[in-house]
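Overview (structure and organization)
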Amino acid sequence: MSISLSSLILCPIWISMAQIQQGGPDEKENTTALKDLLSRIDLDELMKKDEPPLDFPDTLEGFEYAFNEKGQLRHIKTGEPFVFNYREDLHRWNQKRYEALGEIITKYVYELLEKDCNLKKISIPVDASESEPKSFIFMSEDALTNPQKLMVLIHGSGVVRAGQWARRLIINEDLDSGTQIPFIKRAMDEGYGVIVLNPNENYIEIEKPKIPVQASSESSDEPAEKRERKDKISKEAKRRREFYEKYRNPQREKEMMQLYIRENGSPEEHSIYVWDHFIAQSVAENVFFVAHSYGGLAFVELMIQREADVKNKVTAVALTDSCHNVWHQEAGKTIREWMRENCCNWVSSSEPLDTSVESMLPDCPRVSAGTDRHELTSWKSLPSIFRFFAEASEAKSSSPKPALTRRSHRIKHEEL
């Protein structure tokens, strides 16, 4: 077991303080002295010695990892899966390393969307100036011109970006389970146009400018004694602030600020923007949504804001472990009725795939995704989702009231 340098130095002091605190009032002076000693210890230097620099490679090759023919991330030399605890007892450093790898994975998936799936990267806002923050989505060549079918994919919240369901799955399992690529490729094989949303790309980060401290203009008019007292208080406050900053940010990482992207500052805003500027412009007779987790909430918000348009264009919606709530989001009766007839939510459950699952909310049918792992619900329910869409499309083309027959695939499983 490894013991850090700071632990070796600080542990005896912590023990001494604990012993002193068990004593009476006479020990107060000793406690004060020990606290003063602790305040003099340069945690910045101690923690830097404990923690290697937060300087990580910017390529998979630099990390010495690559995806094999099965889409699994493996070490180039050992063939082993990714190891999170690369350095024992340095959780913060290991987490930063994992996040750095995650950023590389995001770029890698973007490349796959363009090269393997032949999607186009489209910058948004569409009328953005050269200098303003921008985001982007991905679309197939025929996304807006396909006369038959369009599939729209929305991932959940967190660190995932366009083309991903779960970063954890990509790193620890494989690309098929963690990305939207299997959905995209099957959709294109079956004649769908495709639009991949990017609802978590809401801002860009820039380094926070340093604001110079200006001396007070009133200080020269104050009595010397009062000015000295204020200076002493100010110095003490600065010392405490720096002490805390050394602990919180031992390697003096850059302070960043966020510049939000116009009309795309949240997943809900992004979904509405892409609807208005792209999905609503498509000529497809049947539009289908696949929305995972928070993506389901974003879709419900889209329905609330664009109810008539959504009902007119969308044929069916597949939710996977959606976290929407029709009560909290104040979805009206007509929206709830439409969702009951046109949506299905594949939820995490230990029951076999497509088994009916009871719901406390009066929104849409819930069926098992065939897994009790939230992040796997999209991947595990893929075949059922495509069957659901095919039946919905067929029902729409053969009946003036297709919604009444759209539950057929679910009912079959309930009767087994």
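Along every chain, residues carry numbers that run from 1 in the direction the sequence is written. Per-residue local features of the predicted model are confined to residues with pLDDT of at least 70, and side-chain atom pairs are confined, for both listing and counting, to 80 or more; whole-chain, interface and lining totals are unaffected and use all residues. Hydrogens are left out, water is left out, and the side-chain values use all remaining heavy atoms of the structure.

1. Remarks on the overall build of the chain
Our working definition: Numbered from the N terminus, helices here are DSSP runs of H or I no shorter than four residues, and strands are runs of E no shorter than two. Categorising residues by exposure relies on relative accessible area from a 1.4 Å probe, with only protein chains included: less than 20% of the type maximum marks a residue as buried, more than 50% marks it as exposed, and the intermediate range marks it as partly exposed.
Each helix and strand in the chain was counted, giving 16 helices and 13 strands. Across the 416 residues of the chain, 44% fall into the buried class.

2. Focus on the layout of surface pockets
Take a probe with the size of a water molecule and roll it over the atoms, and the empty space left behind shows itself. Where we set the bar: Cavities and pockets were defined on a 1 Å grid built from protein atoms only: a cavity is a group of points that admits a 1.4 Å probe but offers it no way out, a pocket is an open group of points flanked by protein on both sides within 12 Å along at least five of seven lines, and a lining residue is one with an atom within 4 Å of any such point. Grid points are joined across faces, edges and corners, and a volume is the space filled by probe spheres set on the points.
Roughly 1,000 Å³ of internal volume is contained in the largest pocket. Lining the largest pocket are 34 residues, with Glu99, Ala100, Glu103, Val159 and Arg167 positioned closest to its centre. Those elements giving two or more residues to the lining of the largest pocket turn out to be helix H5 (91–115) and helix H6 (167–172). Per-element accounting of the lining of the largest pocket gives the leading share, 10 residues, to H5.

3. Observations regarding the pairing of strand S9 (residues 286–292)
This is how the line gets drawn: Whether two strands pair comes down to DSSP finding at least two bridges between them.
The buried fraction of S9 amounts to 7 of the 7 residues, a majority that puts the element mostly inside the structure. Every second residue of S9 is oriented toward a common face, with Asn286, Phe288, Val290 and His292 on one face and Val287, Phe289 and Ala291 on the other, all of them buried. With 6 bridges joining them, strand S5 (residues 149–154) and S9 adopt parallel strand pairing. In the strand pairing of S9, Met151 is matched with Phe288. Of the strand pairs in this sheet, S9 and strand S10 (residues 314–320) are connected by 6 bridges, and their pairing is parallel. Note on S10: the bridge partner recorded for Val287 is Val314.

4. Thoughts on the sheet that holds S10
Formally: Only heavy atoms enter the contact rule, under which two residues are in contact if any of them lie within 4.5 Å. Interaxial angle, 0 to 180 degrees, is taken between N-to-C directions of lines fitted to C-alpha atoms, where a helix line uses only the stretch in contact.
Judged by pairing direction, the sheet is mixed, and its 9 strands sit side by side in the order S3-S4-S6-S5-S9-S10-S11-S13-S12 without closing on themselves. Both edges of this open sheet fall to strand S3 (120–124) and strand S12 (356–357), since each of them pairs with a single strand only. Across the sheet, helix H13 (residues 333–342) lies against S10 and strand S11 (343–347), angled at about 70 degrees from S11, the strand it touches most. The sheet contacts of helix H15 (residues 382–398) involve S5, strand S6 (192–196), S9, S10 and S11, and relative to S10 the element is tilted by about 160 degrees.

5. Considering empty space enclosed by the protein
Here is the rule: Gly falls in the polar group here, along with every residue not listed as nonpolar (Ala, Val, Leu, Ile, Met, Phe, Trp, Tyr, Cys, Pro) or charged (Asp, Glu, Lys, Arg).
Inspection of every chain in the model, using the stated rule, returns 2 cavities of 30 Å³ or more. By volume, the second largest cavity amounts to about 30 Å³. The wall of the second largest cavity is formed by Ile154, His155, Gly156, Ser157, Pro199, Asn200, Pro267, Tyr294, Gly295 and Ala298. Looking at the lining of the second largest cavity, its residues break down into 5 nonpolar, 5 polar and no charged.

6. Re the pattern of salt bridges
We count it as follows: Any Lys or Arg side-chain nitrogen found within 4 Å of a carboxyl oxygen on Asp or Glu counts as a salt bridge.
Throughout the structure, instances matching the rule amount to 14 salt bridges. Notably, a salt bridge pairs Glu263 with Arg262, separated by 3.3 Å at the nearest N-O pair. In this structure Arg262 comes out as partly exposed when scored by relative accessible area, which is 30%. Through salt bridges that share partners, Asp127, Glu132, Arg262 and Glu263 make up one connected network.

7. Here we look at the nonpolar core
Defined as follows: For the purposes of this section, nonpolar cores are sets of buried Ala, Val, Leu, Ile, Met, Phe, Trp, Tyr and Cys residues that join through side-chain atoms within 4.5 Å.
With 50 residues, the main nonpolar core has Val290 and Phe389 as its most contacted residues. Apart from residues no more than four positions distant in its own chain, Phe389 is found in contact with Met151, Tyr192, Phe288, Phe289, Val290, Ala316, Val317 and Ala318. Residues Val152, Ala284, Val300 and Val310 belong to the second largest nonpolar core, which totals 34 residues.

8. Examining the packing of aromatic side chains
Note the threshold: Any two rings among Phe, Tyr and Trp, with Trp reduced to its six-membered ring, count as a pair given centres within 6.5 Å; such a pair is stacked if its planes are under 30 degrees apart, edge-to-face if over 60, and tilted if neither. Either the NZ atom of lysine or the CZ atom of arginine qualifies as a charge over a ring when it sits within 6 Å of the ring centre and within 35 degrees of the ring normal.
One pass over the full model with this rule turns up 19 aromatic pairs. Seen in terms of ring centroids, Phe136 and Phe138 are 5.8 Å apart; in terms of plane orientation they differ by 85 degrees. Their pairing is edge-to-face. Using a relative accessible area of 12% as the deciding quantity, one classes Phe136 as buried. The exposure class assigned to Phe138 is buried, which follows from its relative accessible area of 0%. The ring of Phe136 carries Lys121 above its face, with NZ or CZ at 4.1 Å from the centroid. Looking at Lys149, its charged tip hangs above the ring of Tyr192, at a distance of 4.2 Å from the centre.

9. Focus on the packing of helix H10 (residues 267–277) against helix H11 (residues 294–305)
The test is simple: Throughout, the term roughly parallel applies to angles under 35 degrees, roughly antiparallel to angles over 145, roughly perpendicular to angles from 65 to 115, and oblique to all others. Here a crossing is taken to be left-handed if its near helix is turned anticlockwise relative to the far helix by less than a right angle, and right-handed if that turn runs clockwise.
Where H10 contacts H11, the two axes come as close as 9 Å, and the packing angle between them is 55 degrees. In terms of their interaxial angle, H10 and H11 are classed as oblique. Judged by the sense of rotation from one axis to the other, the crossing of H10 with H11 is right-handed. Residues Pro267, Glu268, Ser271, Ile272 and Trp275 of H10 pack against Tyr294, Leu297, Ala298, Glu301, Leu302 and Gln305 of H11. Residues belonging to the contact of H10 with H11 are distributed by class as follows: 7 nonpolar, 2 polar and 2 charged.

10. Focus on the confidence of the model for the chain
Cut-off, in case you're wondering: The quantity called pLDDT is the predictor's confidence in a given residue, expressed from 0 to 100.
With 76% of its residues at a pLDDT of at least 70, the chain reaches an overall mean of 84. Segment residues 402–416: pLDDT under 50, and 30 contacts once partners within four positions in sequence are set aside and those in other chains are kept.

11. Re H11
Rules: To estimate the expected span of a helix, count its residues, drop one, and scale the result by 1.5 Å.
The terminal C-alpha atoms of H11 lie 17 Å apart, and with 12 residues this matches the ideal 16 Å at 1.5 Å per residue to within 8%. Burial runs high along H11: 9 of the 12 residues are buried. Residues of H11 that are buried include every one of Gly295, Gly296, Leu297, Ala298, Phe299, Val300, Glu301, Leu302 and Met303, and no others. Elements in contact with the buried residues of H11: S5, H10, S9, helix H12 (307–313), S10 and H13.

12. Details of the pairing of strand S4 (residues 135–139)
Within S4, 5 of the 5 residues are buried, which leaves the element mostly enclosed by the surrounding structure. Residue alternation in S4 divides its side chains into two sets, Ser135, Ile137 and Met139 and Phe136 and Phe138, and both sets are buried.

13. A closer look at the packing of H11 against H13
Angle between the axes and distance between the axes: these two values describe a pair of packed helices. In contact at an axis separation of 10 Å, H11 and H13 are set at 130 degrees when each is read in the N-to-C sense. With respect to each other, H11 and H13 are oriented oblique. Between H11 and H13 lies a crossing whose hand is right-handed. Contacts from Phe299, Val300, Met303 and Ile304 in H11 reach Ile335, Trp338 and Met339 in H13. Of the residues that constitute the contact of H11 with H13, the class distribution is 7 nonpolar, no polar and no charged.

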